[in-house]
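Okay, here's what each chain looks like letter by letter:
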There are 2 protein chains.
Amino acid sequence: MIHLDHRDGRPIYQQILDGFREQIRAGVLMEGDRMPSVRELATQLAINPNTIQRAYRELEFQGWIASVAGKGSFVCGVPQSDAQELLQAFDKLTTTLLSMGIPARELAARIEKGGEDHA
Amino acid sequence: MIHLDHRDGRPIYQQILDGFREQIRAGVLMEGDRMPSVRELATQLAINPNTIQRAYRELEFQGWIASVAGKGSFVCGVPQSDAQELLQAFDKLTTTLLSMGIPARELAARIEKGGEDHA
DNA sequence: GTAACTGTACTAACACAGCTAATACACTTA
DNA sequence: TAAGTGTATTAGCTGTGTTAGTACAGTTAC
């Protein structure tokens, strides 16, 4: 379920975009699942259908979903480029933290701590 | 030296903000160092002084620099809140990557790889 | 074939943020 | 006094985000 926060600085279509990306990454939405229709989600979130469509168009362009006129929009999965970008962000963040003097052991320890559910 | 990229989606004042934060984190700018004056940097970057001032005001509010009328702006260092926020971002990113099935060992290995200069 | 649902496209209009421009004032230093 | 600092204010332009309204084409079930 997508949740909008008007205090969030990000535009609405971006929040929708990020929300679905997170759900697909987490496996809440899986390959083949049907996305809510543009009009249905617009009504539910009390916003304009055009804003939903903009998010969907972007999701399709990036390879997260596939839209078929008359049928609906369907989840494709996590595009290859996404994992690559996240790992790149991880490296950059790691480099910054190390340059600030935070020991590599502490970062490694945090990975174990956060990954208890996935160990 | 701050570098602006007009293809970057971030507004100019944000790029300046981030640029100085990175320089202070990396130790390029150290506590007590003098920041370039509002007008000087504006001329150098060919933008309006107000835009620089906006970035400086924010930097001062967040505790990165201290400004004194008539004298200039001076580096304070990395605020405590910053390291905390970066570690929080690290945890969130780590959780996402683990949820996508990337093994903790691979992330740990990347830390070592990126931290060779700081080991 | 018709109705009801899908996605898609387009135009117009409004609000707000980012940025510029111009000006002014107060403080510090030589 | 002059030249350099930071700071404040107002006005205006521009682009982006969003809404509103309308329209068209494809799919599905009756």
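Residues numbered from 1 in each chain as written. Chains lettered and ligands numbered in written order. Predicted model: local features only at pLDDT ≥ 70, side-chain atom pairs only at ≥ 80, totals over all residues. Heavy atoms only, no water.

**Details of unusual backbone geometry**
Residues and elements named next belong to chain A. Selection criterion: Helix and strand definitions follow DSSP, with helices as H or I runs of at least four residues and strands as E runs of at least two, each counted in order from the N terminus. Think of it in three bands: residues with accessible area under 20% of the maximum for their type are buried, residues over 50% are exposed, and the middle band is partly exposed, with areas taken using a 1.4 Å probe on protein chains only.
If you check the backbone angles, Ala-46 has positive phi at about 60° while not being a glycine. Note on placement: Ala-46 falls in the loop between helix H2 (38–45) and helix H3 (49–61). When its relative accessible area of 70% is taken as the criterion, Ala-46 is described as exposed.

**Points about the packing of H2(A) against H3(A)**
Residues and elements named next belong to chain A. Put simply, the rule is: Interaxial angle, 0 to 180 degrees, is taken between N-to-C directions of lines fitted to C-alpha atoms, where a helix line uses only the stretch in contact. When describing relative orientation, an angle under 35 degrees is termed roughly parallel and one over 145 degrees roughly antiparallel, while 65 to 115 degrees is termed roughly perpendicular and anything else oblique. Should the near helix be turned anticlockwise from the far one by less than a right angle, the crossing is termed left-handed; should it be turned clockwise, right-handed. Any two residues having at least one pair of non-hydrogen atoms within 4.5 Å are treated as being in contact. For this classification, the nonpolar set comprises Ala, Val, Leu, Ile, Met, Phe, Trp, Tyr, Cys and Pro, the charged set comprises Asp, Glu, Lys and Arg, and every other residue, Gly included, is treated as polar.
Where H2 meets H3, the closest approach of the two axes is 8 Å, and the angle between their N-to-C directions is 120°. Classed by the angle they form, the pair H2 and H3 counts as oblique. Between H2 and H3 lies a crossing of right-handed hand. Residue-level contacts link Val-38, Leu-41, Ala-42 and Leu-45 of H2 to Pro-49, Ile-52, Gln-53 and Tyr-56 of H3. Split into classes, the residues belonging to the contact of H2 with H3 amount to seven nonpolar, one polar and no charged.

**A look at the relation of the copies chain A and chain B**
Selection rule: The copies were overlaid by least squares, fitting only the C-alpha atoms of residues that reach a pLDDT of 70 or more in each copy.
Laying chain A over chain B is done by rotating through 180° and shifting 0.0 Å along the axis; what remains is an RMSD of 0.1 Å. One copy is carried onto the other by what is essentially a two-fold rotation axis. Looking at the rotation axis and the C-alpha trace of chain A, the residue lying nearest is Ala108(A), at 2.8 Å. The overlap is high: 100% of the interface residues of chain A also sit at the interface in chain B, so the same surface is used on both sides.

**So, the pairing of strand E2 (residues 72–75) of chain B**
Basically, it comes down to this: Two strands make a pair as long as DSSP finds a minimum of two bridges between them.
Taken together, the four bridges between strand E1 (residues 65–68) of chain B and E2(B) define a ladder with antiparallel strand orientation. Of the residues in E2(B), the one forming a bridge with Ile65(B) is Val75(B).

**Points about the interface of chain A and chain B**
Condition: Buried area adds together the accessible area that both of two parts lose upon being put together, with accessible area traced by a 1.4 Å probe. Note on definitions: salt bridges are taken to be side-chain nitrogens of Lys or Arg within 4 Å of carboxyl oxygens of Asp or Glu. Polar contacts here mean pairs of N or O atoms no more than 3.5 Å apart (in protein, one a potential hydrogen donor and the other a potential acceptor; neighbouring residues in sequence count only if both atoms are side-chain atoms).
Contact residues are listed per partner, giving 28 residues for chain A and 28 residues for chain B. Between chain A and chain B, a total of about 2600 Å² is buried, with carbon and sulfur atoms accounting for 77% of that surface. The interface formed by chain A and chain B holds two salt bridges in total. Across the contact surface, chain A and chain B share two residue pairs in polar contact (both at pLDDT 80 or more). Of all the elements in the fold, those that place two or more residues in the side of chain A that touches chain B are helix H1 (12–26), helix H4 (80–99) and helix H5 (104–114) of chain A. Ranked by residues supplied to the side of chain A that touches chain B, first place goes to H4(A) with 13 residues.

**Here we look at the pattern of salt bridges**
Opposite charge on two side chains lets them pair, provided their charged atoms get close. Residues and elements named next belong to chain A. Per the stated rule, a full pass over the model turns up 14 salt bridges over all chains. In this structure, Arg-7 engages Asp-5 in a salt bridge whose closest nitrogen and oxygen atoms are separated by 3.3 Å. Overall, the relative accessible area of 76% leaves Arg-7 in the exposed class. Each of the salt bridges in this network shares a partner with another, and the network as a whole consists of Asp-8, Arg-10, Asp-18 and Arg-21.

**A word on the protein's contact with DNA strand D**
Heads up, the rule is: Throughout, the term near means that a residue has one or more heavy atoms lying within 4 Å of the molecule or strand in question.
Within the structure, DNA strand D sits among 26 residues, and Ile12(A), Asn50(A), Thr51(A), Arg54(A) and Arg39(B) are positioned closest to it. Ile12(A) is positioned such that a nitrogen or oxygen atom in its backbone is 2.4 Å from a phosphate oxygen of DNA strand D. The separation between a phosphate oxygen of DNA strand D and a polar side-chain atom of Arg54(A) is 2.8 Å. Broken down by secondary-structure element, the contributors of at least two residues to the surface near DNA strand D are H1 and H3 of chain A together with helix H2 (38–45), helix H3 (49–61), E1 and E2 of chain B.

**Some thoughts on the protein's contact with DNA strand C**
Taken together, the neighbourhood of DNA strand C is formed by 26 residues, with Arg39(A), Ile12(B), Asn50(B), Thr51(B) and Arg54(B) sitting nearest. In this structure, a base nitrogen belonging to DNA strand C sits 2.7 Å away from a side-chain N or O atom of Asn50(B). Sorting the residues of the surface near DNA strand C by element identifies H2, H3, strand E1 (65–68) and strand E2 (72–75) of chain A together with helix H1 (12–26) and H3 of chain B as the ones contributing at least two each. Of the residues assigned to the surface near DNA strand C, the class counts are eight nonpolar, eleven polar and seven charged.

Any functional reading would require information that these geometric values do not contain.
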